[in-house]
Every structure is written in C-alpha cells, then in structure tokens.
Amino acid sequence: MTQLAADLGYVSVRIAAMDPIGSSARFVPQITRIQLGELPADGVVAISDDEIVWEAIPRLKSMSLTADQQVGYFVDERGAVVILTTKAGALGIRKQRPVLSIQQWAAQMTPGSATRIEVDGRIGEDPVLLSVNDSGEVCQVSDAGVLSANESGWCSVTAIQGGGSMYMSAVAETRIAKVSLISQIRETVVKYRTSLTMLTLVILLTVFLMWQFVQTIFQVRLALRTNPDSL
C-alpha cells in the first residue's frame, strides 16, 4: 500500500499512473492511502479527473475497500480523513459550493433568434462554462453567454463552475429550449391579424366619414331647394 500525507484544510493530491506503453492509466497497481486532516463542516471528500468537475466519494465503514469499491474515505479515531483509492486522479477535501441556477431563459426560440443566459449562484473567481448538449447544429452558446438558435430541434444548455483551488464544482440544472418555426409562424399570423383588424377599422371609419359628408351635402342642397333665401 502506498501512503501519502497532506496538509490540513482544503487540499487535494494528484495521483498519476502510467500503463506499460507509457500512456496515462485510470487505475494504480495497488491501493493508495492518502492521510488528510479533519473534515470541515462544509467540506466534501471528492475526486476529479480534470480538477474542474469534482465528484463526492463514499464514506467507508472500515479502513478497507471491498472488492467492488475503487475509492472511498474513512474518518479515523482522531477525526482525520483517510482516502483509500485504486483510481488515479486528483483527490482531496473540497469546500461545498451553492448550486448554480439559470435564471433568464427562453423556452421557445426560432431559428435565427438569440437570447442572453444569466447564471446565479456563482462564488469565487472560477469561470462559469456554458455548454450545449448537442453537436452545435441546433444552437450555439458564446463565451459571453449568448445562446443562438440555428435550426429547428431541441437545445439543452448546462452551466458548470469548476472547483478551482478549493471548491467543489457547481452544476446548474440543464435547461431545454424548443427551436421551431411554428412559434415564428404563429407570431407572423398574429401580427397579420392585428394589421388586418386595424386596416378594417380604418376602412370602416373612412366609409363612415364619407357617409357623414354625403349626408351633410345632401341636407345643404335640400335646404337650398326648399328655401333659397336661407343663405
């Protein structure tokens, strides 16, 4: 068993492994034991492949891994965290981060339209990354957080804030938008109906005014015939 010790607090240790041909391996040949300090109240024991997205690891009932376990942690009699792992990667104690939430969102979009995405819950200087869960054909998102719809289909967006030096990563609930021409056609029809209604009102008003004008002319001519001296 390989043993490592780390300082107290929010700290992580990276374990790297190589296969016989010199490529990175996901597992180490034997169980590695990492001795850490006490687990803070808001601390989470976690593992990460890229040190951006972190995943909590399970707590063990004893100082050993079962046959179906690859990683876990145990709290000894002194309250210190001991990680046992056969997996390579970064392991350590991270600080819990609030869940992100996507606040501003358009559930219906049309091809060619765009909307800005607002994400709440960010803590620290670590950037929030926005990603679309398709090939980019339906929609795309820019570094500035602008979501653009390209063609009809379903577009889903996820916001992730990496863990950085001490935090757990925070992942927002994936939001889904429907990109369709139907809503665009519906808006066009509504605008057309509105324009047609306004045109009808204008025509009716014009006809009414013309009728009033004709009535006035008729009454004047009738008055002149019956009483020429009235003017």
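Refer to the structure presented above.
It should be emphasised that the depicted structure is a prediction, and the values quoted were computed from it without experimental measurement.

Peer 1: Help me understand the packing of aromatic side chains, please; the structure alone is not making it clear to me.
Peer 2: Two aromatic rings are characterised by how far apart their centres lie and by the angle between their planes. Scanning the model with the defined rule gives zero aromatic pairs in all. Over the ring of Trp-54 we find Arg-94; its NZ or CZ atom is 4.0 Å from the centre of that ring.

Peer 1: Help me understand unusual backbone geometry in this model?
Peer 2: Apart from glycine, the bulk of residues carry a negative phi angle, and the bulk of peptide bonds sit in the trans form. For Glu-51, which is not glycine, the phi torsion reads 60° and is therefore positive. Examined against the element boundaries, Glu-51 turns out to sit in the loop between strand E4 (43-48) and strand E5 (55-56). Judged by its relative accessible area of 33%, Glu-51 is partly exposed.

Peer 1: Honestly, a nonpolar patch on the surface in this entry has me stumped. Any pointers?
Peer 2: A surface patch of nonpolar side chains, amounting to about 430 Å² of accessible area, comprises Trp-211, Phe-213, Val-214 and Ile-217. The topology assignment puts Trp-211 in helix H1 (residues 181-226).

Peer 1: I'm lost on the environment of Ser-113 in this one. Help?
Peer 2: Examined against the element boundaries, Ser-113 turns out to sit in the loop between strand E10 (108-109) and strand E11 (114-116). Taking the C-alpha atoms as reference, Ser-113 lies 9.2 Å from Val-179; in sequence the two are 66 residues apart. With residues near it in sequence (within four places) discarded, Ser-113 still touches Leu-147, Ser-148 and Ala-149. A distance of 2.6 Å separates a polar side-chain atom of Ser-113 from the backbone oxygen of Thr-110.

Peer 1: Could you clarify how one ought to interpret the pattern of salt bridges in this entry?
Peer 2: Applying the stated criterion across every chain yields a total of three salt bridges. Residues Asp-76 and Arg-78 are paired through a salt bridge, measuring 3.2 Å at the closest nitrogen-oxygen approach. A residue is classified by how much of its surface remains accessible, and Asp-76, at 10% relative accessible area, is buried. Across the salt bridge formed by Asp-126 and Arg-97, the nearest N and O atoms sit 3.2 Å from each other. Here Arg-97 lies in the loop between strand E8 (89-95) and strand E9 (101-104) and Asp-126 lies in the loop between strand E12 (118-120) and strand E13 (128-132), a separation of 29 residues in the sequence. When its relative accessible area of 4% is taken as the criterion, Arg-97 is described as buried.

Peer 1: Would you mind showing me how to read the sheet that holds E4 here?
Peer 2: Two orientations exist for strands paired in a sheet by backbone hydrogen bonds: parallel and antiparallel. Read from one edge of the open sheet, four strands run E2-E8-E4-E5, paired in antiparallel fashion. Edge positions in the sheet fall to strand E2 (12-15) and E5, since each of these pairs with one other strand and no more. Where E2 and E8 come together, four bridges link them in antiparallel fashion. Bridge assignment links Ile-15 to a residue of E8, and that residue is Gly-89.

Peer 1: What is the right way to read the sheet that holds strand E15 (residues 146-149) from this model?
Peer 2: Strand order in the open sheet formed by three strands is E11-E15-E14, and the pairing between neighbours is antiparallel. Two strands close off the open sheet at either side, each with one partner strand: E11 and strand E14 (139-141). Pairs of neighbouring strands in the sheet enclose a mean axial angle of 15°, with direction left out of account. As defined by bridge partners, E14 adjoins E15 across three bridges and the pair is classed as antiparallel. Considered in E15, the bridge of Gln-140 is made with Ser-148.

Peer 1: Looking at this structure, how should I read the state of the cysteines?
Peer 2: Such a bond, covalent and formed between the sulfur atoms of two cysteines, is termed a disulfide. Counting across every chain of the model gives one disulfide. Disulfide pairing places Cys-139 opposite Cys-155 at an S-S distance of 1.7 Å. One disulfide, between Cys-139 and Cys-155, carries an S-S torsion of 80° and so falls in the right-handed class. Taken together, the positions of Cys-139 in strand E14 and Cys-155 in strand E16 (residues 153-161) put the pair 16 residues apart, joining distant regions of the chain.

Rules of the game
Residues numbered from 1 in each chain as written. Predicted model: local features only at pLDDT ≥ 70, side-chain atom pairs only at ≥ 80, totals over all residues. Heavy atoms only, no water. Phe/Tyr/Trp six-rings, centres within 6.5 Å; stacked < 30°, edge-to-face > 60°. Lys NZ or Arg CZ within 6 Å of the ring centre and 35° of its normal. Helix = DSSP H or I, 4+ residues; strand = E, 2+ residues; numbered from the N terminus. Buried < 20%, exposed > 50% of the residue type's maximum accessible area, 1.4 Å probe, protein only. Patch = residues over 30% accessible without salt bridge, like charges linked within 9 Å, V, L, I, M, F, W, Y side chains within 5 Å. Areas by Shrake-Rupley, 256 points an atom, 1.4 Å probe, with all protein chains shown as cover. Salt bridge = Lys/Arg side-chain N within 4 Å of Asp/Glu carboxyl O. Contact = heavy atoms within 4.5 Å. Polar contact = N/O pair within 3.5 Å; in protein donor to acceptor, adjacent residues only side chain to side chain. Pairing = 2+ DSSP bridges. Axes fitted to C-alpha atoms, helices over the stretch in contact; angles between N-to-C directions. Disulfide = S-S within 2.5 Å.

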